[in-house]
Structure formats: C-alpha cells, structure tokens
Amino acid sequence: TQLLEQSPQFLSIQEGENLTVYCNSSSVFSSLQWYRQEPGEGPVLLVTVVTGGEVKKLKRLTFQFGDARKDSSLHITAAQPGDTGLYLCAGFMVGNEKLTFGTGTRLTIIP
Amino acid sequence: DTAVSQTPKYLVTQMGNDKSIKCEQNLGHDTMYWYKQDSKKFLKIMFSYNNKELIINETVPNRFSPKSPDKAHLNLHINSLELGDSAVYFCASSRGGRRGAQYFGPGTRLLVL
C-alpha cells in the first residue's frame, strides 16, 4: 500500500474538457507538491501547498489542499494537448524530512 | 545552462558489472538526492546529501554507494548490478533545507541484461 494514492491512474480525454486528479492519504502532510513529468524528462514542480484548505491557481490549473492536509486535488479547465504528461503529487509527512511521491496519473489530451 | 545534469543518459550493461552515474547541479543548492523510478513510474527516494553529508539513506542494498565530492556533485556507484536494478535513476537538488522545491535532472535509464 502506497502512502499517497492517486486517481485515476490513467485518464484520456478530449481537448477542451475539464478534469480532476485526486491525491489521497490516511497520513497528514505538512506540505504537498504537484509535479508534471514528460516522457524522457525529470519531474518539474508545478506548485506547493502548505495550509489546509489552500487553493492555488496556475493558469488553467487549480490545486487544492484538503482541510485536514491528508489529500489534494488538481483540476484542469479546458484541457489542451500540452497538458499531456504524468502528474505526480508528493508530500512531506509531519515529522518526516523525506519527500514521498504518489502513484501518479498519466494524462493524455486528445486533439 | 542545464540546472541539473546527469551522465550518462542511457546505460546498458551486463549483470554483475559495476557502474557509476554522475550528477551535477549549477543552481547553488546545498541538498542533493538520488531517486529511483520503476517501470510503473513510481518514484522513490534512495539517498539525500546536505552539504556533502548523508542525511537520508533509505532501505537500499549496500551495493549502491553515493559519493558527494562537493556541494554541486552527487554521484551514484552501483556494484554487482542485478536485473532488478533496471530503472530510471533521477538526481535532484533543492535549496534552503530539504522541504524546498526539488529540481530534477533528465534521468539515467539503466538496463541490466
């Protein structure tokens, strides 16, 4: 059992549609990050959320940290082919200095 | 201009061989990491160094030995390679403590035959 479970594992949608990716845990995190990884490259940080209930927007991407700091979501509005990639949530559990990664969501946007 | 670089990008070798992967960062960060990404794309930390000092050492076989000659470099040496070592290995760095944003290299794709 992984500490950070992401759903869905795979998602393929048409350009222009909206989508939400979830990152869930039974543990409390002091902060949580979202990364995007493209084929043949390393993950790139998109956002960090640190406060329960925090919402951050990055253009068409909206990130939310759960009130209890055990979960997070990533919502993409009007998805574009350039959004295609592997989305990874990652967090620091309270009292732990190690960054724990989620199971990943592979997103494909069909033109 | 590359922030975090790794060499080689691809590494194909026979079981039992010893190999090294090099990592360099020019961001001025004081913390560096090695991660392993398996075939299911799950990313897991192996080691972390802060100012050349080992601070995280996950449950990794002692065939894996990191070496940090200075703050900008963190190399990974692997002895007696096994089939199960096949994976993508990522180097990363961060500043201002271990909770800062981590910057990843492009990865080294290791295939053990």
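Above: the structure in question.
Residues numbered from 1 in each chain as written. Chains lettered and ligands numbered in written order. Predicted model: local features only at pLDDT ≥ 70, side-chain atom pairs only at ≥ 80, totals over all residues. Heavy atoms only, no water.

Draft legend 1. Looking closely at the overall build of chain B. In terms of helices and strands, chain B carries zero helices and 11 strands. Reading chain B from its N terminus to its C terminus gives the helix and strand order β-β-β-β-β-β-β-β-β-β-β. Compactness check: chain B gives a C-alpha radius of gyration of 13 Å against a globular reference of 13 Å for 113 residues, within 12% of the reference. Taken over the C-alpha atoms alone, chain B extends approximately 40 × 30 × 25 Å along its principal axes. In chain B, buried positions account for 44% of the 113 residues. Relative to all contacts within chain B whose residues are 6 or more apart in sequence, the contacts with residues 24 or more apart total 55%. Total accessible area on chain B is roughly 5600 Å²; 49% of this is exposed by carbon and sulfur atoms. The average position of the 15 basic charges and that of the 10 acidic charges among the side chains of chain B differ by 3 Å. (Helix = DSSP H or I, 4+ residues; strand = E, 2+ residues; numbered from the N terminus. Rg over C-alpha atoms; globule rule 2.2 N^0.38 Å. Buried < 20%, exposed > 50% of the residue type's maximum accessible area, 1.4 Å probe, protein only. Contact = heavy atoms within 4.5 Å. Areas by Shrake-Rupley, 256 points an atom, 1.4 Å probe, with all protein chains shown as cover. Lys, Arg positive; Asp, Glu negative; His and termini not counted. Charge placed at Lys NZ, Arg CZ, Asp CG, Glu CD.)

Draft legend 2. Local environment of the interface of chain A and chain B. Each partner contributes residues to the interface: chain A has 23 residues there, and chain B has 21 residues. Interface area, chain A with chain B, both sides summed: about 1700 Å², of which 53% is carbon and sulfur. Among the residues chain A hides against chain B, the three largest losses belong to Glu97, Lys98 and Phe101 of chain A. Together they make up 29% of the total. Put simply, chain A and chain B have one salt bridge between them. Here glutamate 58 of chain B and lysine 98 of chain A are joined by a salt bridge, their closest N and O atoms 3.1 Å apart. Broken down by secondary-structure element, the contributors of at least two residues to the side of chain A that touches chain B are β4 (29-37), β9 (85-93) and β10 (99-101) of chain A. (Buried area = accessible area lost by both parts, 1.4 Å probe. Salt bridge = Lys/Arg side-chain N within 4 Å of Asp/Glu carboxyl O.)

Draft legend 3. Here's a closer look at the sheet that holds strand β8 (residues 73-78) of chain B. All names here are of chain B. Read across the sheet, four strands follow the order β1-β3-β8-β7 without closing on themselves; strand pairing throughout is antiparallel. Looking at the sheet topology across the chains shown, the edges are occupied by β1 (4-7) and β7 (64-70). Averaged over all pairs of adjacent strands, the angle between strand axes in this sheet comes to 20°, irrespective of strand direction. Where β7 and β8 come together, five bridges link them in antiparallel fashion. (Pairing = 2+ DSSP bridges. Axes fitted to C-alpha atoms, helices over the stretch in contact; angles between N-to-C directions.)

Draft legend 4. Structural context of the nonpolar core. Membership of the largest hydrophobic core comes to 22 residues, with the highest contact counts inside it found for Leu19, Leu32, Trp34, Phe63, Leu74 and Ile76 of chain A. Going through the elements one at a time, β3 (19-24), β4, β5 (44-49), β7 (61-65), β8 (71-76), β9 and β11 (105-110) of chain A are the ones with two or more residues in this core. Of all hydrophobic cores here, the second largest spans 19 residues; its members include Leu11, Phe47, Tyr49 and Ile78 of chain B. (Core = buried A, V, L, I, M, F, W, Y, C linked by side-chain atoms within 4.5 Å.)

Draft legend 5. Expanded view of the sheet that holds β8 of chain A. All names here are of chain A. The strand order across the open sheet formed by five strands is β1-β3-β8-β7-β6, and the pairing between neighbours is antiparallel. Each edge of the open sheet carries a strand with a single partner, namely β1 (5-7) and β6 (55-58). Across the sheet, the mean angle separating the axes of adjacent strands is 15° when strand polarity is ignored. Across four bridges, the pairing between β6 and β7 is antiparallel. If you follow leucine 58 over to β7, its bridge partner there is leucine 61.

Draft legend 6. Broad picture of the state of the cysteines. All names here are of chain A. Going through the model one piece at a time under the given rule, you end up with two disulfides over all chains. Linked covalently through their sulfurs, cysteine 23 and cysteine 89 form a disulfide whose S-S length is 2.1 Å. One quick way to see it: the torsion about the S-S bond of cysteine 23 and cysteine 89 is about 75°, and its sign makes the bridge right-handed. Taken together, the residues span a long stretch of sequence, with cysteine 23 in strand β3 and cysteine 89 in strand β9 at a distance of 66 residues. (Disulfide = S-S within 2.5 Å.)

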